[in-house]
Amino acid sequence: MRPGWDEYFMQVARTVATRATCPRAAVGCVLVRDHRILTTGYNGAPRGVPHCTDVGCTLSNGHCLRAMHAEANAIVQGALHGVGLQGAVAYSTHQPCVHCSKLLISAGVAKIVYDEAYPDPIAVTLLAEAGVSSLPLAGAAR
(Lines give C-alpha, C1' and ligand atoms only; values in the text may rest on other atoms or scores of the structure.)
Protein backbone atom coordinates (compact mmCIF):
# COMPACT_ATOMS: atom_id res chain seq x y z
CA MET A 1 0.00 0.00 0.00
CA ARG A 2 1.39 3.38 -0.99
CA PRO A 3 1.93 5.67 2.05
CA GLY A 4 0.69 9.24 2.20
CA TRP A 5 3.29 12.03 2.16
CA ASP A 6 3.34 12.47 5.94
CA GLU A 7 3.88 8.76 6.60
CA TYR A 8 6.48 8.59 3.81
CA PHE A 9 8.59 11.45 5.17
CA MET A 10 8.22 10.19 8.74
CA GLN A 11 9.54 6.82 7.60
CA VAL A 12 12.54 8.65 6.10
CA ALA A 13 13.02 10.43 9.46
CA ARG A 14 12.93 7.06 11.23
CA THR A 15 15.63 5.78 8.88
CA VAL A 16 17.73 8.91 9.45
CA ALA A 17 17.42 8.28 13.21
CA THR A 18 19.30 4.99 12.77
CA ARG A 19 22.47 7.09 12.24
CA ALA A 20 22.17 8.67 15.73
CA THR A 21 25.29 8.39 17.87
CA CYS A 22 23.87 9.25 21.30
CA PRO A 23 22.54 6.09 22.95
CA ARG A 24 20.06 8.06 25.05
CA ALA A 25 17.71 8.56 22.09
CA ALA A 26 17.75 7.91 18.37
CA VAL A 27 16.08 10.95 16.79
CA GLY A 28 15.80 11.81 13.12
CA CYS A 29 14.53 14.91 11.34
CA VAL A 30 13.77 15.57 7.68
CA LEU A 31 13.07 19.07 6.36
CA VAL A 32 10.84 19.07 3.29
CA ARG A 33 9.32 21.63 0.93
CA ASP A 34 6.97 20.88 -1.97
CA HIS A 35 7.34 17.13 -1.32
CA ARG A 36 11.12 17.34 -1.79
CA ILE A 37 13.70 16.55 0.90
CA LEU A 38 15.85 19.61 1.66
CA THR A 39 17.99 18.35 4.54
CA THR A 40 18.18 15.64 7.18
CA GLY A 41 19.66 15.46 10.65
CA TYR A 42 20.11 13.04 13.52
CA ASN A 43 21.31 13.47 17.08
CA GLY A 44 25.05 13.22 17.50
CA ALA A 45 28.17 15.17 18.38
CA PRO A 46 29.23 18.22 16.34
CA ARG A 47 31.60 17.65 13.44
CA GLY A 48 35.10 16.76 14.65
CA VAL A 49 33.98 15.94 18.20
CA PRO A 50 33.96 12.32 19.41
CA HIS A 51 30.50 10.76 19.51
CA CYS A 52 28.77 9.55 22.66
CA THR A 53 29.02 6.00 21.33
CA ASP A 54 32.83 6.41 21.35
CA VAL A 55 33.49 8.34 24.59
CA GLY A 56 30.19 8.36 26.49
CA CYS A 57 27.60 11.02 27.05
CA THR A 58 28.34 14.31 28.79
CA LEU A 59 25.35 14.61 31.11
CA SER A 60 23.95 17.60 32.96
CA ASN A 61 20.52 17.63 34.59
CA GLY A 62 19.59 14.45 32.74
CA HIS A 63 20.47 15.82 29.29
CA CYS A 64 23.39 14.93 27.06
CA LEU A 65 25.41 18.06 26.27
CA ARG A 66 27.73 16.30 23.80
CA ALA A 67 25.02 15.52 21.24
CA MET A 68 23.32 18.05 18.99
CA HIS A 69 19.64 17.43 18.39
CA ALA A 70 18.40 16.11 15.05
CA GLU A 71 16.45 19.27 14.22
CA ALA A 72 19.48 21.47 14.88
CA ASN A 73 21.64 19.24 12.67
CA ALA A 74 19.07 19.42 9.85
CA ILE A 75 19.09 23.24 10.07
CA VAL A 76 22.91 23.33 10.11
CA GLN A 77 22.97 21.18 6.97
CA GLY A 78 20.85 23.80 5.26
CA ALA A 79 23.24 26.55 6.35
CA LEU A 80 26.33 24.59 5.28
CA HIS A 81 24.94 23.83 1.83
CA GLY A 82 23.03 27.04 1.11
CA VAL A 83 19.58 25.49 1.32
CA GLY A 84 16.88 27.92 2.43
CA LEU A 85 14.31 26.44 4.78
CA GLN A 86 11.58 29.10 4.60
CA GLY A 87 8.18 27.42 4.40
CA ALA A 88 9.55 23.90 5.02
CA VAL A 89 7.82 21.13 6.93
CA ALA A 90 9.86 19.35 9.61
CA TYR A 91 9.24 15.64 10.10
CA SER A 92 10.79 14.59 13.39
CA THR A 93 10.65 11.26 15.16
CA HIS A 94 10.22 13.15 18.45
CA GLN A 95 8.39 16.36 19.32
CA PRO A 96 11.02 19.15 19.28
CA CYS A 97 12.35 20.57 22.55
CA VAL A 98 12.20 24.30 23.27
CA HIS A 99 15.68 24.96 21.85
CA CYS A 100 14.99 23.14 18.58
CA SER A 101 11.56 24.76 18.37
CA LYS A 102 13.21 28.19 18.52
CA LEU A 103 15.67 27.19 15.79
CA LEU A 104 12.88 25.83 13.57
CA ILE A 105 10.87 29.04 14.06
CA SER A 106 13.87 31.22 13.21
CA ALA A 107 14.73 29.09 10.15
CA GLY A 108 11.26 29.76 8.74
CA VAL A 109 9.82 26.26 9.14
CA ALA A 110 6.04 26.48 8.73
CA LYS A 111 4.89 23.14 10.13
CA ILE A 112 6.21 20.34 12.34
CA VAL A 113 4.97 16.76 12.24
CA TYR A 114 6.31 14.45 14.96
CA ASP A 115 5.92 10.79 15.82
CA GLU A 116 6.63 10.54 19.56
CA ALA A 117 5.48 13.11 22.11
CA TYR A 118 8.14 14.93 24.12
CA PRO A 119 5.90 17.65 25.49
CA ASP A 120 7.54 20.91 26.43
CA PRO A 121 4.92 23.55 27.33
CA ILE A 122 7.25 26.46 26.53
CA ALA A 123 8.03 25.00 23.09
CA VAL A 124 4.31 24.55 22.42
CA THR A 125 3.64 28.17 23.43
CA LEU A 126 6.46 29.61 21.31
CA LEU A 127 5.43 27.60 18.25
CA ALA A 128 1.83 28.78 18.63
CA GLU A 129 2.92 32.39 19.05
CA ALA A 130 5.02 32.10 15.87
CA GLY A 131 2.16 30.52 13.92
CA VAL A 132 4.01 27.24 13.38
CA SER A 133 1.66 24.26 13.51
CA SER A 134 3.01 21.29 15.43
CA LEU A 135 1.07 18.08 15.49
CA PRO A 136 1.53 14.35 15.92
CA LEU A 137 1.69 12.18 12.82
CA ALA A 138 -1.68 10.65 13.71
CA GLY A 139 -3.28 14.12 13.52
CA ALA A 140 -1.44 15.38 10.42
CA ALA A 141 -3.39 16.03 7.26
CA ARG A 142 -2.73 13.22 4.81
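Relevant structure appears above.
The rules we used
Residues numbered from 1 in each chain as written. Predicted model: local features only at pLDDT ≥ 70, side-chain atom pairs only at ≥ 80, totals over all residues. Heavy atoms only, no water. Pairing = 2+ DSSP bridges. Helix = DSSP H or I, 4+ residues; strand = E, 2+ residues; numbered from the N terminus. Axes fitted to C-alpha atoms, helices over the stretch in contact; angles between N-to-C directions. Contact = heavy atoms within 4.5 Å. Phe/Tyr/Trp six-rings, centres within 6.5 Å; stacked < 30°, edge-to-face > 60°. Salt bridge = Lys/Arg side-chain N within 4 Å of Asp/Glu carboxyl O. Buried < 20%, exposed > 50% of the residue type's maximum accessible area, 1.4 Å probe, protein only.

A. Local environment of the sheet that holds strand 6 (residues 111–116). One open sheet holds the five strands; their spatial order is 2-1-5-6-7, and the pairing between them is mixed. Every interior strand has two partners, whereas the edge strands, strand 2 (36–42) and strand 7 (133–136), have only one. Strand-to-strand, the axes of this sheet are offset by a mean angle of 20°, without reference to chain direction. Sheet analysis places strand 1 (residues 28–33) next to strand 2, joined by six bridges and oriented antiparallel. Paired with Leu31 across the two strands is Thr39, which belongs to strand 2. Running at roughly 130° to strand 2, helix 3 (residues 70–81) makes contact with strand 1, strand 2 and strand 5 (89–94) of the sheet.

B. Structural view of the packing of aromatic side chains. Under the definition given, this model contains four aromatic pairs. Linked through ring pairs, Trp5, Tyr8, Phe9 and Tyr91 together constitute an aromatic cluster.

C. Fine view of the pattern of salt bridges. Per the counting criterion, the structure on display carries two salt bridges. Between Glu7 and Arg14 there is a salt bridge, with the nearest N and O atoms lying 2.8 Å from each other. Relative accessible area serves as the criterion here: at 25%, Glu7 is assigned to the partly exposed category. Its salt-bridge partner being Arg14, residue Asp115 comes within 3.0 Å of it at the nearest N-O pair. With Asp115 in strand 6 and Arg14 in helix 1 (residues 5–17), this residue pair connects regions lying 101 residues apart in the sequence. A relative accessible area of 31% means that Asp115 is categorised as partly exposed. The partly exposed category is assigned to Arg14, whose relative accessible area is 26%. Each member of the salt-bridge network shares a partner with another, and the members are Glu7, Arg14 and Asp115.

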